[in-house]
Amino acid sequence: MTTLRFFLILLLLLNALAFAAIQGWLGTAPVRGEPERITNQLHPERIRLQHEGDVRQVIAAAPTPPPGPAPEVENPPPASPAPAPIPLQCQAWDKLTTPEADQLSARLRAAGLNAQRESVEVPASWWVRIPPDGGREGAERRARELRAQGVTDLFIVQEAGPNQYAVSLGLFKNPSSANVQLTQLRSKGVRNASIVVRSTTEHRITLRAEADRLSSVLAGDPWSQRRVSCQP
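Residues numbered from 1 in each chain as written. Predicted model: local features only at pLDDT ≥ 70, side-chain atom pairs only at ≥ 80, totals over all residues. Heavy atoms only, no water.

Q: Describe the overall build of the protein, and please don't skip the residues or the numbers.
A: Along the backbone of the protein there are 7 helices and 6 strands. In the protein, which comprises 232 residues, the proportion classed as buried is 22%. Looking at the protein as shown, the accessible area adds up to about 17,600 Å², and 57% of this sits on carbon and sulfur atoms. (Helix = DSSP H or I, 4+ residues; strand = E, 2+ residues; numbered from the N terminus. Buried < 20%, exposed > 50% of the residue type's maximum accessible area, 1.4 Å probe, protein only. Areas by Shrake-Rupley, 256 points an atom, 1.4 Å probe, with all protein chains shown as cover.)

Q: Any details on the packing of aromatic side chains? Residues and values, ideally.
A: Within this structure, the stated rule accounts for 0 aromatic pairs. The cationic tip of Arg-129 hangs over the ring face of Trp-127; the distance from NZ or CZ to the ring centre is 5.8 Å. (Phe/Tyr/Trp six-rings, centres within 6.5 Å; stacked < 30°, edge-to-face > 60°. Lys NZ or Arg CZ within 6 Å of the ring centre and 35° of its normal.)

Q: Break down the pattern of salt bridges for me, citing the residues and quoting the values.
A: Tallied over the entire structure, the rule returns 5 salt bridges. Linking Arg-204 and Asp-94 is a salt bridge whose minimum nitrogen-to-oxygen distance equals 3.4 Å. Here Asp-94 lies in strand β1 (residues 88-96) and Arg-204 lies in strand β5 (residues 194-210), a separation of 110 residues in the sequence. Its relative accessible area of 25% is what places Arg-204 among the partly exposed residues. Looking at Asp-94, the relative accessible area reads 27%, which means it is partly exposed. Of the charged contacts, one joins Asp-102 and Arg-117 as a salt bridge, the two residues approaching to 2.9 Å between their closest N and O atoms. (Salt bridge = Lys/Arg side-chain N within 4 Å of Asp/Glu carboxyl O.)

Q: I'd love a proper account of the pairing of β5, names of residues and values included.
A: In this sheet, β5 lies alongside β1 in antiparallel orientation, the contact comprising 7 bridges. When the bridges of β5 are listed, Leu-88 appears paired with Glu-210. Across 13 bridges, the pairing between strand β2 (residues 116-130) and β5 is antiparallel. Each residue of the ladder has a partner; that of Glu-118, found in β5, is Arg-204. (Pairing = 2+ DSSP bridges.)

Q: Talk me through the side chain of Gln-181; I want residue IDs and the actual numbers.
A: Relative to the helices and strands, Gln-181 resides in helix α6 (residues 175-187). When sequence neighbours within four positions are dropped, the list of residues in contact with Gln-181 reads Val-128, Leu-169 and Phe-172. (Contact = heavy atoms within 4.5 Å.)

Q: Hey, could you go over the pairing of β1 for me, with residue numbers and the actual values?
A: Sheet topology places β1 next to strand β6 (residues 227-229); 3 bridges connect them, and they run antiparallel. Bridging from a neighbouring strand, Gln-91 pairs with Ser-229 of β6.

Q: Which residues make up the sheet that holds β2, and what are the values?
A: As summarised here, the arrangement of the 6 strands in space is β3-β4-β2-β5-β1-β6, forming an open sheet in which the pairing is antiparallel. Lying at the two open borders of the sheet, with one neighbouring strand each, are β3 (155-156) and β6. Along the sheet face, helix α5 (residues 135-148) touches β2, β3 and β4 (167-172) and points at about 65° away from the line of β4. (Axes fitted to C-alpha atoms, helices over the stretch in contact; angles between N-to-C directions.)

Q: A description of the side chain of Ser-105 should follow, citing residues and the corresponding values.
A: If you trace the backbone, Ser-105 turns up in helix α4 (residues 98-110). A distance of 2.9 Å separates a polar atom in the side chain of Ser-105 from the backbone oxygen of Ala-101. If sequence neighbours within four positions are ignored, Ser-105 has contacts with Arg-117 and Ile-205. (Polar contact = N/O pair within 3.5 Å; in protein donor to acceptor, adjacent residues only side chain to side chain.)

Q: Give a detailed account of the nonpolar core, specifying residues and quantitative values.
A: Counting residues in hydrophobic clusters, the biggest one holds 17 residues, and the most contacted among them are Leu-146 and Leu-169. For this core, the elements supplying multiple residues, two or more each, are β2, α5, β4 and α6. Not counting the four nearest positions on each side in its chain, Leu-169 is found in contact with Trp-127, Val-128, Arg-129, Ile-130, Leu-146, Val-151, Asp-153, Leu-154, Gln-181, Leu-185 and Ala-193. In this structure, Ala-101, Leu-104, Leu-113 and Trp-223 belong to the second largest nonpolar core, which totals 12 residues. (Core = buried A, V, L, I, M, F, W, Y, C linked by side-chain atoms within 4.5 Å.)

Structure (structure tokens):
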């Protein structure tokens, strides 16, 4: 057998096997044509999402767009003007004694006005004295000793209180005069004298009110010399 004849016989056998396979004679599914493949395609109406609940949650969680601007109102009514504040004036009374401040406060209250009152302690005088020691007898004995030392301008305090039976040696309106007196006493041998600052309470009353009400209070003011201007 020639080689050419062998290849021809082999080619025939292969063609026969291929035809048998196409027809399904060898136990395999026959190859189907294009029309059948088209009929076996998936129907679109049968497509379903596997997790429809998840999709709904995503849609619900999506941010809501902000609302648009409010519609403009054509020709809005004009706002009513605010009432103008009533201007106030300010007056103050300074360096009032306690009785004077009490009288002025009562006068302002009677006029229906509220005033601000401030108090401060200020030095009023400087007192040179020997403190009490031994009651009345001790004060009289000390006075005799002072006269013997050449000090004649003195007196014994009689009023009840912490300074009763103190020996007063001078009351001055400024500290320099008090220091001069103390120096002179020490030059005469007086060693237990000292200076005590005596204070007094001064008051300041400040009033802020409308001009017409303030003028009625200032009319006939008995403390006009103590009156000063202030900021309203």
